[in-house]
Amino acid sequence: MRSFVITLIGIVFSFSVAFAQVATPTTQSGATLATTQEITASDLSVPDPSYWQISKRKIMRFFTFSQIKKARISLELANLALLQAREAAKAGDQTRVTTLIDSYNEQISASSASLDQITSQFMNISNPDVQNILSQIENTRLLEVSLLDSLNLKATGKLNDKITQVRSEALKDLTEILTKENLSPDELTKKINEISKKLEDKELKANKKFIRKMDVLNDLSKKSDDQELDDVIIEIEKDELDDVSKEPEDVLDEVTDEASKRNDLVTLQELLTRVPDVAKPAIQAKIDREVAKLSVKMKDNPNALEQAIKKDEKNIEAKKQLLEKIKTENEKADESVKKEIEKKSEELKKAQEKETENQSEDASDNEIR
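Residues numbered from 1 in each chain as written. Predicted model: local features only at pLDDT ≥ 70, side-chain atom pairs only at ≥ 80, totals over all residues. Heavy atoms only, no water.

**Student:** When you look at the overall build of the protein chain in this model, what are you seeing that I'm missing?
**Tutor:** Broken down by element type, the protein chain carries 15 helices and zero strands. Considering the protein chain as a whole, with its 369 residues, one finds that 48% of them fall into the buried category. Taking the contacts inside the protein chain whose residues are at least 6 apart along the sequence as the reference set, 74% of them involve residues at least 24 apart. Summing over all exposed atoms, the protein chain offers an accessible surface of approximately 18800 Å²; the carbon and sulfur share of this is 49%. (Helix = DSSP H or I, 4+ residues; strand = E, 2+ residues; numbered from the N terminus. Buried < 20%, exposed > 50% of the residue type's maximum accessible area, 1.4 Å probe, protein only. Contact = heavy atoms within 4.5 Å. Areas by Shrake-Rupley, 256 points an atom, 1.4 Å probe, with all protein chains shown as cover.)

Spelled out as structure tokens, the structure:
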């Protein structure tokens, strides 16, 4: 059990050392989790940032002997720095934003160091104090990512790369914590719904809430290397698609318009199979329009197909249906385009075989139980 807790602490520590490693800058996220309603200090469970609030916490941390309290205070200081960074960004001071993002990173590192020390005192992950600090991380991490995305809207150059790297590590940190708690699928589903709802609540319109939830699930899936978490995410996505397909026509139209703007062909295709017949023609028209746009892009860049249809194991049937439409649209295309379509067909075939294999293994496991 001790090795388990040490592994868990390492998750958080890995976040703090991200900048110490030499790596190729990641691609900007596109601010997918930036909300239309601003993340507040209250959302992050801290007061409005001020010299007094920051100084008070630094003094408290200096004089406390409890590593759990040190970890909690460091997390609060990290989020205060993040809020200050947003104010600096609003003022156009990118130099100060850079300094404050570094401060945020340093405070996360300090929290990790404190958590590392408590492994010698607490041997059980179920310890209430350990659970509280992990819960605090879970409850704020997506909000931190959203705030980082909002900063990236105005960031350029090295600052852009730095924020993107912090964002990536934060999401990885969250997915690894979720998978290390030995939760059942139902418990994991409930937890993901709870933490993603904090972002959904920052959207006023129903269509934005749906898009935000799907963005959260997509980002968590990209950072996950755990099959159980991936399976849970797929089931939540299916439930979300089922729910939104029952929305009134005006809401459904807004959702599909948003998906079109984002070139999200897979979501459009999934909704097409779920909505009432009366709503199908409008969605089909949007799919046809986006497929035509994609075909034009593929003439100059055959790899554009990979951006539209990922090679993961999610939504395979919808992807196969889309690929048939794309294949028909490109019957007279260059060989390079046709070759890319065939390659994608093989990828989806293998993904479907793997999905079937996983389902068979799950069924065998259930029989054994």
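Once you've had a look at it, read on.
**Student:** Hey, could you run me through the pattern of salt bridges in this one?
**Tutor:** It is possible for side chains of opposite charge to pair when their charged atoms get near one another. Taken as a whole, this structure holds 28 salt bridges when the rule is applied. The closest approach of N and O atoms between Glu 138 and Lys 191, which form a salt bridge, is 3.2 Å. Residue Glu 138 is located in helix H5 (residues 128–152), and its partner Lys 191 is located in helix H7 (residues 185–200); the two are separated by 53 residues in the primary sequence. Lys 191 gets classed as buried once you look at its relative accessible area, which sits at 18%. Note that Glu 258 is salt-bridged to Lys 208, the shortest N-O span being 3.6 Å. Placement of Glu 258 in helix H10 (residues 249–261) and of Lys 208 in helix H8 (residues 206–223) is noted, with a sequence separation of 50 residues between them. In this structure Lys 208 comes out as partly exposed when scored by relative accessible area, which is 26%. (Salt bridge = Lys/Arg side-chain N within 4 Å of Asp/Glu carboxyl O.)

**Student:** Hey, could you run me through the packing of aromatic side chains in this one?
**Tutor:** The description of two aromatic rings rests on the distance between their centres and on the angle between their planes. In total, this model carries one aromatic pair according to the counting rule given. Arranged with centres 5.1 Å apart and planes meeting at 90°, the rings of Phe 62 and Phe 63 form a pair that is edge-to-face. With a relative accessible area of 65%, Phe 62 lands in the exposed category. Classification of Phe 63 as exposed rests on a relative accessible area of 59%. (Phe/Tyr/Trp six-rings, centres within 6.5 Å; stacked < 30°, edge-to-face > 60°.)

**Student:** Can you help me understand the packing of helix H3 (residues 67–90) against H5 in this one?
**Tutor:** In helix packing, the relevant descriptors are the interaxial angle and the interaxial distance, both defined with respect to the helix axes. The interhelical angle for the contact between H3 and H5, taken along N-to-C directions, is 10°, at an axis separation of 11 Å. In terms of axis orientation, H3 runs roughly parallel to H5. Taking contact as the criterion, the partners of Ile 68, Ala 71, Arg 72, Leu 75, Glu 76, Asn 79, Leu 82, Leu 83, Ala 85, Arg 86 and Ala 89 in H3 are, on H5, Asp 129, Val 130, Asn 132, Ile 133, Gln 136, Ile 137, Thr 140, Arg 141, Glu 144, Leu 147, Leu 148 and Leu 151. In terms of residue class, the contact of H3 with H5 is built from 13 nonpolar, four polar and six charged. (Axes fitted to C-alpha atoms, helices over the stretch in contact; angles between N-to-C directions. Parallel < 35°, antiparallel > 145°, perpendicular 65-115°, else oblique. Nonpolar A, V, L, I, M, F, W, Y, C, P; charged D, E, K, R; others polar.)

**Student:** Please clarify how the nonpolar core should be interpreted in this entry.
**Tutor:** Nonpolar side chains in soluble globular proteins tend to be buried together. If you look at the biggest cluster of nonpolar residues, it comprises 88 residues, and the most contacted ones within it are Ile 101, Leu 151 and Ile 192. The element best represented in this core is H3, accounting for twelve residues. Leaving out residues up to four positions away in the same chain, Leu 151 has contacts with Leu 82, Ala 85, Arg 86, Ala 89, Ile 101 and Ile 163. (Core = buried A, V, L, I, M, F, W, Y, C linked by side-chain atoms within 4.5 Å.)

**Student:** Can you help me understand helix H14 (residues 316–329) in this one?
**Tutor:** Along an α-helix, residues three or four apart share an orientation, since each turn contains 3.6 residues. Between its first and last C-alpha atoms H14 spans 20 Å; for 14 residues at 1.5 Å apiece the expected length is 20 Å, and the two agree. Those residues of H14 that sit buried are Ile 316, Ala 318, Lys 319, Leu 322, Leu 323 and Ile 326. The buried residues of H14 occupy an angular sector of 145° when the element is viewed end-on, so they sit on one face. (Expected span 1.5 Å × (residues − 1). Arc of directions from axis to C-beta.)

**Student:** Even after reading the chapter, I still don't get the environment of Leu 33, so can you show me in this structure?
**Tutor:** For Leu 33, the location among the structural elements is in the loop between helix H1 (2–16) and helix H2 (51–63). Sequence-wise, Leu 33 and Ile 211 are 178 residues apart; in three dimensions their C-alpha atoms are separated by 9.5 Å.

**Student:** What exactly am I supposed to notice about a nonpolar patch on the surface here?
**Tutor:** On the surface, a nonpolar cluster with roughly 390 Å² of combined accessible area is contributed by Ile 59, Phe 62 and Phe 63. Inspection of the secondary structure assignment puts Phe 63 in helix H2. (Patch = residues over 30% accessible without salt bridge, like charges linked within 9 Å, V, L, I, M, F, W, Y side chains within 5 Å.)

**Student:** Is there a simple way to explain the packing of H7 against helix H9 (residues 227–245) in this structure?
**Tutor:** Orientation of H7 relative to H9, taken along the N-to-C sense of each, is 60°, at an axis distance of 10 Å. Considering the relative orientation of H7 and H9, their crossing is right-handed. In contact with Pro 185, Leu 188, Thr 189, Ile 192 and Asn 193 of H7, H9 contributes Glu 228, Leu 229, Val 232, Ile 233 and Ile 236. Across the contact of H7 with H9, the residue classes tally to seven nonpolar, two polar and one charged. (Left-handed = near helix turned anticlockwise from the far one by under 90°.)

**Student:** Got a minute to help me understand unusual backbone geometry in this structure?
**Tutor:** Excluding glycine, residues mostly have negative phi values, and the peptide bonds linking residues are mostly trans. Located in the positive-phi region is Ser 45, a residue other than glycine, with phi close to 60°. Locating Ser 45 in the fold gives a position in the loop between H1 and H2. Positive phi, close to 55°, is recorded for Asn 263, a residue that is not glycine. Within the secondary structure layout, Asn 263 lies in the loop between H10 and helix H11 (265–272). Asn 263 sits in the partly exposed class, given a relative accessible area of 36%.

**Student:** Would you mind showing me how to read H5 here?
**Tutor:** The terminal C-alpha atoms of H5 lie 36 Å apart, and with 25 residues this matches the ideal 36 Å at 1.5 Å per residue to within 8%. A bend of about 35° at Thr 140 is the largest found in H5. In terms of residue burial, H5 counts as a mostly covered element, since 18 of its 25 residues are buried. (Bend = angle between axes of the 7 residues up to and from the residue.)

**Student:** For this particular structure, what's the right way to read a negative patch on the surface?
**Tutor:** Residues Asp 239, Asp 243, Glu 247, Glu 249, Asp 250 and Glu 254 make up a contiguous surface patch of negative charge. Considering every element that reaches the negative patch, the biggest residue donor is H10, with three residues. You can see Asp 250 is positioned in helix H10. (Lys, Arg positive; Asp, Glu negative; His and termini not counted. Charge placed at Lys NZ, Arg CZ, Asp CG, Glu CD.)

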